[in-house]
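Listed here are the chains, written in short residue letters.
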Amino acid sequence: MSATPSAPVLRADEPGSFPHSVLAERHPAVIRQVREAFPYGPAQRRALDALLDSCTKGVIEDLPADAPDRDRWHAWGLEQYTGRSWFEVPWLWSESYFYRRLLEAVGYFAPGPWQGIDPFRPSKLAELDSPETDEELAALDALENEPAPERAAALLHGSLWGNRADLGFRLSAQSTPGQSTPAQGTARPAPGLVADDSAAFWSLLPPSSRAGTLCLVADNAGRELVPDLLLIDHLLAHGRVERAVVHVKPYPYYVSDATTADVVDAVRRLAGAPGAAAGHGRRLWAAMSDGRLEIRTHPFFCAPLPYAAMPDDLREEFAAAALTVLKGDLNYRRLVGDRLWPPTTPFADVTAHFPGPVAALRTLKSDVITGLDATVQAALDASGDGRWRISGTHALIQVRT
Ligand SMILES: O=P(O)(O)OC[C@H]1O[C@](O)(CO)[C@@H](O)[C@@H]1O
């Protein structure tokens, strides 16, 4: 890697900035949503109130002495950050620890009646069972008749724009009226795509008898995970990959990030749907049963750390993959170190640390961006849409081979 000058790590210490708004507005909204989602008892309600006080006007507090992952969080910086304001430590760290503390407050980890109860499950299921999901599944019928290259392109874009299904984002972002996912099967670049390395993506997964393994590091459940699985079904069915591994979160995270339960719900939703969707669901179910599609998780997926700091076991796994696909905004931030790089900083430079070929499929929902062509950046900055980095209306497909 050429000596790319470093860039500042994002913090939430600037009032008016997007990171600041996430800690000051989105996190309180998440606590309110969780409080209303379940008939939690007085103890949990007091714990949620205490977290609200701590994360808006207090300081970072240590985990309880008997917390199963206390040592791990101390190694991840908790020792250093205890007693400091949530707004002054790295933004990624604050956000990640917030979700850990939220689960603590509702009794997710402690032995007892609420152990393992996902506080975000009602909103994830509501989204999965929504009429919008019905519509998207029905659109698969038309796709069946499209030539394979168009079908492949449509499924790749479905997985990409599925990343707008970020329920945490919806809590505080106003939706962009009339903005929809790109029409299925159209060859022209989708509006809102600020970088498009689709050709490199497909070049890494040629149909072949020696096809390799795809690792997909998932992001949101529901209407993002379904198109991710449809893409995987297509890659398996067309011999572009021999095996696929979907990496999910070990516990609920960032409101709608996918866990194993969400994968099962998504495959069931497909298999139980009318039309072509059912065929995709049955194939995915069979692939999970015979091991061609595997679900894995790792504590690192809920760590407040960049991918450059990933542990060796994950490093070896990604090094052996034909391609690792990182889905979404948070994974992108972690891939490039959650730093405010100049937007034209080459993607290949800031991802040189990644052990194997890597692709980012992301809708832009935070300030971090790299690998932009200077003319594209100039056009975006001149567009008058000051929110192009954070509004989720723009997306990218970036690949480092
Ligand atoms: O689900 P995604 O695409 O990772 O987006 C996560 C969102 O949460 C944030 O962390 C802000 O809370 C941003 O990264 C992004 O807006």
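Source: prediction; values computed, not measured. Here the residue numbers are simple positions, counted from 1 along each chain's written sequence. Two thresholds apply to this predicted model, a pLDDT of at least 70 for residue-level local features and 80 or more for giving and counting side-chain atom pairs, whereas whole-chain, interface and lining totals are computed over all residues. Each side-chain value is derived from all of the structure's non-hydrogen atoms; neither hydrogens nor water enter the calculation.

### Considering empty space enclosed by the protein
Okay, so step 1: Detection works on a 1 Å grid of protein atoms alone, calling trapped sets that fit a 1.4 Å probe cavities and calling open sets with protein on both sides within 12 Å along at least five of seven lines pockets, with lining residues defined by an atom within 4 Å of a point. Grid points are joined across faces, edges and corners, and a volume is the space filled by probe spheres set on the points. Considering all chains together, one arrives at two cavities of 30 Å³ or more under this definition.
Okay, so step 2: Approximately 50 Å³ is the volume found for the second largest cavity.
Okay, so step 3: Lining the second largest cavity are Lys124, Leu125, Leu128, Ala221, Gly222, Asp262, Asp265 and Ala266.
Okay, so step 4: When residues of the lining of the second largest cavity are traced back to their parent elements, those giving at least two are helix 5 (121-128) and helix 11 (260-271).
Okay, so step 5: Polarity classes work like this: nonpolar for Ala, Val, Leu, Ile, Met, Phe, Trp, Tyr, Cys and Pro, charged for Asp, Glu, Lys and Arg, and polar for all others, with Gly in that last group. Looking at the lining of the second largest cavity, its residues break down into four nonpolar, one polar and three charged. In DSSP terms, a helix is any run of H or I states spanning at least four residues, a strand is any run of E spanning at least two, and both are numbered starting from the N terminus.

### Describing helix 2 (residues 42-57)
Residues spaced three or four apart along an α-helix point in a common direction, a consequence of the helix completing one turn every 3.6 residues.
Okay, so step 1: Counted at 1.5 Å a residue, the expected span for helix 2 with its 16 residues is 22 Å, and the 22 Å between its end C-alpha atoms agrees.
Okay, so step 2: Residues Gln44, Leu48, Leu51, Ser54 and Cys55 constitute the buried set of helix 2. The buried residues of helix 2 all sit within an arc of 125 degrees when viewed along its axis, so they share a single face. Exposed residues lying more than 90 degrees from the buried face of helix 2 are Pro42, Arg46 and Lys57.
Okay, so step 3: Buried residues along helix 2 sit in contact with helix 1 (18-37) and helix 4 (91-105). Under the convention used throughout, the expected extent of a helix is 1.5 Å for every residue step, that is, one less than its residue count. The cut-offs for exposure are 20% and 50% of the maximum accessible area for each residue type, with area from a 1.4 Å probe on protein chains only; residues under the lower value are buried, those over the upper are exposed, and the others partly exposed. The arc in question is the one spanned by the directions pointing from the helix axis to the C-beta atoms. The criterion used for residue contact is that any of the two residues' heavy atoms lie within 4.5 Å.

### With respect to the sheet that holds strand 3 (residues 243-248)
Okay, so step 1: Spatial ordering of the open sheet is given by 1-7-6-5-2-3-4, a layout of seven strands whose pairing is mixed. With partners counted over all chains shown, the strands left at the sheet margins are strand 1 (193-196) and strand 4 (293-297), one partner each. Between one strand axis and the next, the sheet turns through 15 degrees on average, direction left out of account.
Okay, so step 2: Sheet topology note: the strand 6 (residues 358-363)/strand 7 (residues 395-400) ladder contains six bridges and is antiparallel. Two strands qualify as a pair provided DSSP detects at least 2 bridges between them. Where helices are involved, their axes are fitted lines through C-alpha atoms of the stretch in contact, as for all axes, and angles between N-to-C directions lie from 0 to 180°.

### Quick look at the pairing of strand 7
Okay, so step 1: In terms of burial, strand 7 is a largely internal element, six of the six residues being buried.
Okay, so step 2: Here strand 7 shows no split at all, with Ala395, Ile397 and Val399 on one side and Leu396, Gln398 and Arg400 on the other all buried.
Okay, so step 3: Relative to strand 7, strand 1 runs parallel, the two being bridged by three bridges. Across the sheet, the residue bridging to Ala195 is Leu396, located in strand 7.

### Notes on the pattern of salt bridges
Okay, so step 1: Between Lys or Arg on one side and Asp or Glu on the other, a salt bridge is scored when a side-chain nitrogen of the former is within 4 Å of a carboxyl oxygen of the latter. If you walk through the whole model with that rule in mind, you get 23 salt bridges.
Okay, so step 2: Its salt-bridge partner being Asp129, residue Arg269 comes within 3.6 Å of it at the nearest N-O pair. Residue Arg269 is located in helix 11, and its partner Asp129 is located in the loop between helix 5 and helix 6 (131-143); the two are separated by 140 residues in the primary sequence.
Okay, so step 3: Residues Asp233 and Arg283 are paired through a salt bridge, measuring 2.8 Å at the closest nitrogen-oxygen approach. Of this pair, Asp233 sits in helix 10 (residues 225-237) while Arg283 sits in helix 12 (residues 276-290), and the two are 50 residues apart along the sequence.

### Some details on the domain arrangement of the protein
Okay, so step 1: Considered domain by domain, the protein is made up of domain 1 (18-119) and domain 2 (125-400).
Okay, so step 2: Where a domain begins and ends is set by an automatic assignment or by a domain database. Measuring from the centre of the C-alpha atoms in domain 1 to the corresponding centre in domain 2 gives 27 Å.
Okay, so step 3: Listed by partner, the interface residues are 21 residues for domain 1 and 24 residues for domain 2.
Okay, so step 4: In terms of surface lost to domain 2, no three residues of domain 1 exceed Arg26, Trp76 and Leu92, which account for 32% of the buried area on that side.
Okay, so step 5: Scanning the region where domain 1 abuts domain 2 turns up one salt bridge.
Okay, so step 6: Glu95 is the salt-bridge partner of Arg333, the closest N and O atoms lying 2.7 Å from each other.
Okay, so step 7: By the criterion applied in these results, polar contacts are pairs of N or O atoms within 3.5 Å in which, for protein atoms, one can donate a hydrogen and the other can accept it, and in which residues neighboring in sequence qualify only through two side-chain atoms. The tally of links between domain 1 and domain 2 comes to four residue pairs in polar contact (both at pLDDT 80 or more). In this description, buried area is defined as the sum, over both parts, of the accessible area (probe of 1.4 Å) that is lost when the two are combined.

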